[in-house]
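# Structural overview
One-letter residues, chain by chain:
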Amino acid sequence: MGAILKLEKVSKGFGAVVIATDLDLELAEGEALGMLGPNGAGKTTLFGIITGTITPNRGRVIFQGRDITRLSAPERCRLGMARSFQVPQPFGGMTVFENLVVAAAFARGKSEREVYRQSAKVLEECELADKANLRAGTLTLLDRKRLELARALATQPRLLLLDEVAGGLSEVECEDLVALVNRIRATGISIIWIEHIVHALVAAVDRIVVLAGGALVADGKPDAVIRHPKVAEIYMGIPASE
């Protein structure tokens with residue numbers, strides 16, 4: 001199984017703040033990757049580098065075998081890359097269905113009418129069909145999270161980046177969201193998921209990486225990474241043994 005995404009020697013800093021230093025990362029086609037790290041580690045910035053809203057100081061972003069380092073975010077979206085945000089950002093005055101239509105039409109370069117069927121299908125998949133005609137600004141937090149995912153899926157991505165989609169949800173709501181992510185995985189879409197709710201990641205991903213101090217300090221199967229001494233040091237202040 002080949003790689004759908006590669007980061008090669010990526011470096012990024014903002015003044016004295018180092019986000020990444022010669023960072024290498026590879027994601028296989030169809031793989032689900034979880035990303036952990038303390039607040040301020042640069043996880044969301046790394047998403048910006050992948051999706052084109054932030055330019056790295058050095059290094060390359062390779063997507064489906066193509067160097068996309070200098071491509072814009074809209075260009076990357078049209079190639080098959082989509083993301084969600086920590087705080088859902090729907091068009092609050094538009095209906096749920098209209099939010100999906102706008103995303104699908106923009107990403108695929110089609111008319112709104114041409115994407116109606118695809119948008120309706122995504123609504124069903126994300127359990128939002130019964131809310132299609134509601135204003136997006138009236139939704140509950142869980143449904144806004146679902147809509148954030150649905151808008152990304154409406155662009156028909158091959159790579160989906162999720163940024164703390166489980167944050168602020170109850171345990172039951174979190175379980176519902178994990179089930180949705182697993183259904184998305186089953187379609188073959190590759191996923192990178194940033195999340196602080198560790199048990200949600202463990203239930204949905206093949207591999208976890210941990211970002212801290214501008215580098216990946218752990219990379220492996222979820223259970224092994226959670227037990228990694230360096231991860232315990234970062235999250236619980238337990239010194240890693242030499």
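Above this text is the structure in question.
Structure report, in brief. (Residues numbered from 1 in each chain as written. Predicted model: local features only at pLDDT ≥ 70, side-chain atom pairs only at ≥ 80, totals over all residues. Heavy atoms only, no water.)

## Some details on the sheet that holds strand 10 (residues 215-220)
Spatially, the six strands line up as an open sheet ordered 6-7-8-3-9-10, and their pairing is mixed. Pairing within the sheet leaves two strands with one partner each, and these edge strands are strand 6 (81-83) and strand 10. The average undirected angle you get between the axes of adjacent strands in this sheet is 20 degrees. Against the sheet, helix 1 (residues 43-51) makes contact with strand 3 (32-36), strand 6, strand 7 (159-163), strand 8 (190-194) and strand 9 (207-212), and its axis sits at roughly 155 degrees relative to strand 7, the strand it touches most. (Pairing = 2+ DSSP bridges. Helix = DSSP H or I, 4+ residues; strand = E, 2+ residues; numbered from the N terminus. Axes fitted to C-alpha atoms, helices over the stretch in contact; angles between N-to-C directions. Contact = heavy atoms within 4.5 Å.)

## Some details on the packing of aromatic side chains
Here the structure, examined in full by the defined rule, presents one aromatic pair. Measuring from ring centre to ring centre gives 5.6 Å for Phe 97 and Tyr 116, while their planes differ by 55 degrees; the resulting arrangement is tilted. A residue pair is termed long-range when its members are at least 10 positions apart, and Phe 97 in helix 3 (residues 96-108) and Tyr 116 in helix 4 (residues 116-125) qualify at 19 residues. For Tyr 116, a relative accessible area of 33% translates into the label partly exposed. When the ring centre of Phe 85 is taken as origin, the NZ or CZ atom of Arg 83, which lies over that ring, is 4.1 Å away. Of note, Arg 151 hangs over the ring of Phe 91, and the distance from its end group to the ring centre comes to 5.6 Å. (Phe/Tyr/Trp six-rings, centres within 6.5 Å; stacked < 30°, edge-to-face > 60°. Buried < 20%, exposed > 50% of the residue type's maximum accessible area, 1.4 Å probe, protein only. Lys NZ or Arg CZ within 6 Å of the ring centre and 35° of its normal.)

## Side note on helix 6 (residues 171-186)
Under the 1.5 Å per step criterion, the end-to-end length of helix 6 is 23 Å for 16 residues, consistent within 8% with the ideal 22 Å. Among all positions in helix 6, only Cys 174, Leu 177, Val 178, Leu 180, Val 181 and Ile 184 are buried. Looking down the long axis of helix 6, one finds its buried residues gathered within 160 degrees of arc, a one-sided arrangement. Seen from the open side of helix 6, the exposed residues pointing more than 90 degrees away from its buried face are Val 172 and Ala 186. If you follow the buried residues of helix 6, they end up packed against helix 4, helix 5 (141-154), strand 7, strand 8 and helix 7 (198-202). (Expected span 1.5 Å × (residues − 1). Arc of directions from axis to C-beta.)

## Brief notes about the state of the cysteines
Taken as a whole, this structure holds zero disulfides when the rule is applied. Cys 126 takes part in no disulfide bond, and the closest cysteine sulfur, belonging to Cys 77, lies 16 Å away. Residue Cys 174 stays outside any disulfide, its sulfur separated by 16 Å from that of Cys 126, the closest cysteine. (Disulfide = S-S within 2.5 Å.)

## Concerning helix 1
Three- or four-residue spacings in an α-helix give side chains the same orientation, since the helix completes a turn every 3.6 residues. In terms of residue burial, helix 1 counts as a mostly covered element, since eight of its nine residues are buried. Lys 43, Thr 45, Leu 46, Phe 47, Gly 48, Ile 49, Ile 50 and Thr 51 are the residues of helix 1 that are buried. Immediately downstream of helix 1, the backbone of Gly 52 shows phi near 100 degrees, a positive value.

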